[in-house]
Amino acid sequence: MSPQPAPDLAEDKERETNVLIESAPESPVKAAEEGDGPGRQLSPVAWLRMLARELHWSFVLGVVATYGVSQGLGGGINRVASDYYWKDVQRVQPSVAQVYQGVTSIPWMVKPLWGLLTDVLPVAGYRRRPYFVLAGFIGVIAMLIVSLHSKLHALFALLALMSGSASVAIADVTIDACVTENSILHPHLAADMITLNGFCSSVGGLIGFSISGFLVHAIGAQGALGLLTLPSALVILSGMLLKEVHTPNFPYGQAHKKFVEASGKMLTALKCPEVWRPCVYMYMSLALSVDIQEGMFYWYTDRKAGLSFHEGFIGFMFAVGSVGSLVGVILYQNILKDHPFRSLLFTSQLFLSLSGMLDLILVLRLNLKMGIPDYYFAAIDEGVSKMINRVKWMPLLVLSSKLCPTGIEGTFYALLMSIDNIGGLTGSWVGGLLLHLLRITRTEFKNLWAAIMIRNVMRLLPLALLFLVSNSDPNSTLLPSDLLNEDEDGEGNQMENIELTSLAVDSSFPDKSPRECGNQEGLDAEQDDDEVSLLPNKG
């Protein structure tokens, strides 16, 4: 266990931290609670103005551009347009499209790498601006290649779409770094920033899904993908306008040392049974939840053997799924968040398997015997499935946040999210293999019901691994004490020293001394519920 600092040093550090927090600009929301403000129920416009005034308008523009336009709006359009691109332009089989969709998510699995780059490798003295600009240019070039090349080979199309995914992932990591940096400097606005992120992402996603089908119908899949150059261009603009301190002489040697220290601590944490056992469960639960969405999509849109859904309805159906996901967040936050991990994961995994039976009812056309048209039943199916998926995902996010050792919370959390994304990729590839083995093709769907049944049964298998997860509730401490205590004397303020990704707190503030970088422990206490309830699903 790390030695405790001398009493006078600890008191001095605490006193200076308190002075920093007390000297931070007072939020109008906080003042409203004390009776000095206009009231806590600020209008959305007044709330945005308050954030722009407190945090600088360029930061708010960056959040809107990245979460709202690039991830939300662009993500909704890309989800539908890419499905039609593989089906109608590249004309690949559903099993191949399923594998390709998994491949395009690979950049999200290396988010710790993007975070390390933004923290330890400044460009021209700036940590954030160059990476926004880089992400935007990658996205513009990738989408132009896909949209303008009429006979692009499938391999190059895959690389271009994967580059577009990397563009969004890099921008996501960079704006998260800005958010967590501001969370230290303005701890009273931490929850407001998380709410802004979730609000922009949700609204953008709803709009993107709602218009995606109509765009594909009007200008084709390639044209819709070409429009994604606009969100990337906005990311470039937000990066150029971002207010950031210039640091001309960065100590790269010291950054390498911090990286080595963080890597060693991550390896130590992964050897701890309290950590690796839940990690195994999280990976297996996602890998065994086989994804056959591309097979369903081909069946939805086939004009002879399928349901012949048009592009507009496909976009609407995914929008209903986005609403169902939001409902799942609300259910978890208000009803389920205090339930023990094991019982909640058992229930959600069971219901996830049962919800898959809705697909079986639709494929066997039993819904028509119930008097429910295909359009209504498919929309209900999508909304219910996404709601249960979100309820299952939320406790995994909370569990991940409880497994992060002190001092490398951000880096380790990014690592856990990468493990989850690898699990999702495995499930996608197994689903592609299943579609191939059952000979489900572009026009042949007679065995689709069997694929659904196998998927539903496989979703029950993670129940046998629940013993790997602690039965404690989310308010309990899961890590042993030696991973929670921090050496403040020898390693001093590891939060700014080895916090090397953007999922928690930025690693350094060039214009401030180490003692002026804030109190993350106080921030964690303030964000106990809000932080985990609004974390997005990128993968």
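Residues numbered from 1 in each chain as written. Predicted model: local features only at pLDDT ≥ 70, side-chain atom pairs only at ≥ 80, totals over all residues. Heavy atoms only, no water.

Visitor: Describe the overall build of the protein, naming the residues involved and giving the relevant values.
Guide: The helix and strand inventory of the protein stands at 25 helices and zero strands. By sequence separation, contacts in the protein at least 24 residues apart represent 83% of the contacts at least 6 residues apart. Surface summary for the protein: the accessible area is close to 23100 Å², and the carbon and sulfur share equals 63%. (Helix = DSSP H or I, 4+ residues; strand = E, 2+ residues; numbered from the N terminus. Contact = heavy atoms within 4.5 Å. Areas by Shrake-Rupley, 256 points an atom, 1.4 Å probe, with all protein chains shown as cover.)

Visitor: An account of the nonpolar core is needed here, citing residue identities and associated values.
Guide: Ranked by internal contacts, the top residues of the largest apolar core, which has 57 residues, are Tyr85, Trp86, Leu225, Trp299, Tyr300, Ile314 and Leu448. It is helix 4 (residues 57–89) that contributes the most residues to this core, six residues altogether. Not counting residues within four places of it along the chain, the set of residues in contact with Leu225 comprises Asn78, Ala81, Ser82, Tyr85, Met143, Val146 and Leu161. Listed in part, the 32 residues of the second largest apolar core include Val391, Met394, Cys404 and Met417. (Core = buried A, V, L, I, M, F, W, Y, C linked by side-chain atoms within 4.5 Å. Buried < 20%, exposed > 50% of the residue type's maximum accessible area, 1.4 Å probe, protein only.)

Visitor: A description of a nonpolar patch on the surface should follow, citing residues and the corresponding values.
Guide: There is a patch of nonpolar side chains on the surface, built from Met357, Leu364, Leu366, Met370, Trp449, Met453 and Val457 and spanning about 600 Å² of accessible area. Mapped onto the elements of the fold, Trp449 is located in helix 21 (residues 448–458). (Patch = residues over 30% accessible without salt bridge, like charges linked within 9 Å, V, L, I, M, F, W, Y side chains within 5 Å. Salt bridge = Lys/Arg side-chain N within 4 Å of Asp/Glu carboxyl O.)

Visitor: Please give an account of helix 14 (residues 293–301) that cites residues and values.
Guide: With nine of nine residues buried, helix 14 is to be regarded as a mostly interior element. Buried within helix 14 we find Gln293, Glu294, Gly295, Met296, Phe297, Tyr298, Trp299, Tyr300 and Thr301.

Visitor: Could you give an account of the side chain of Gln222, with specific residues and numbers?
Guide: Mapping Gln222 onto the fold places it in helix 10 (residues 190–226). At 2.9 Å, the side chain of Gln222 forms a polar contact with the backbone oxygen of Val146. Here the side chain of Gln222 touches His149 through a polar contact of 3.0 Å, landing on its backbone oxygen. If near-sequence neighbours (up to four positions away) are discounted, Gln222 is found in contact with Tyr85, Val89, Val146, Ser147, His149 and Ser150. (Polar contact = N/O pair within 3.5 Å; in protein donor to acceptor, adjacent residues only side chain to side chain.)

Visitor: Before we move on, could you go through the UniProt feature "transmembrane region" (unreviewed entry) in the protein and cite the residues and values that matter?
Guide: Here, the residues flagged by UniProt with the feature "transmembrane region" (unreviewed entry) are residues 131–148, 154–175, 196–219, 225–242, 312–332, 344–364 and 412–435. Taken as a whole, residues 225–242 contains 83% helix and 0% strand, while its terminal C-alpha atoms sit 27 Å from one another. Counted over residues 312–332, helix gives 100% and strand 0%. Its end C-alpha atoms are 31 Å apart. (UniProt positions renumbered as here; feature names shortened; annotations may be inferred.)

Visitor: Could you give an account of the pattern of salt bridges, with specific residues and numbers?
Guide: Per the counting criterion, the structure on display carries five salt bridges. In this structure, Asp359 and Arg455 form a salt bridge, with 3.0 Å as the shortest nitrogen-oxygen distance. Here Arg455 lies in helix 21 and Asp359 lies in helix 17 (residues 357–363), a separation of 96 residues in the sequence. The exposure class of Asp359 is buried, given its relative accessible area of 8%. Residue Arg455 is classed as buried on the basis of its relative accessible area, which comes to 5%. Between Lys386 and Glu382 there is a salt bridge whose closest N-O contact spans 2.8 Å. Separated by four residues within a single helix, Lys386 and Glu382 lie in helix 19 (residues 374–402), roughly one turn from each other.

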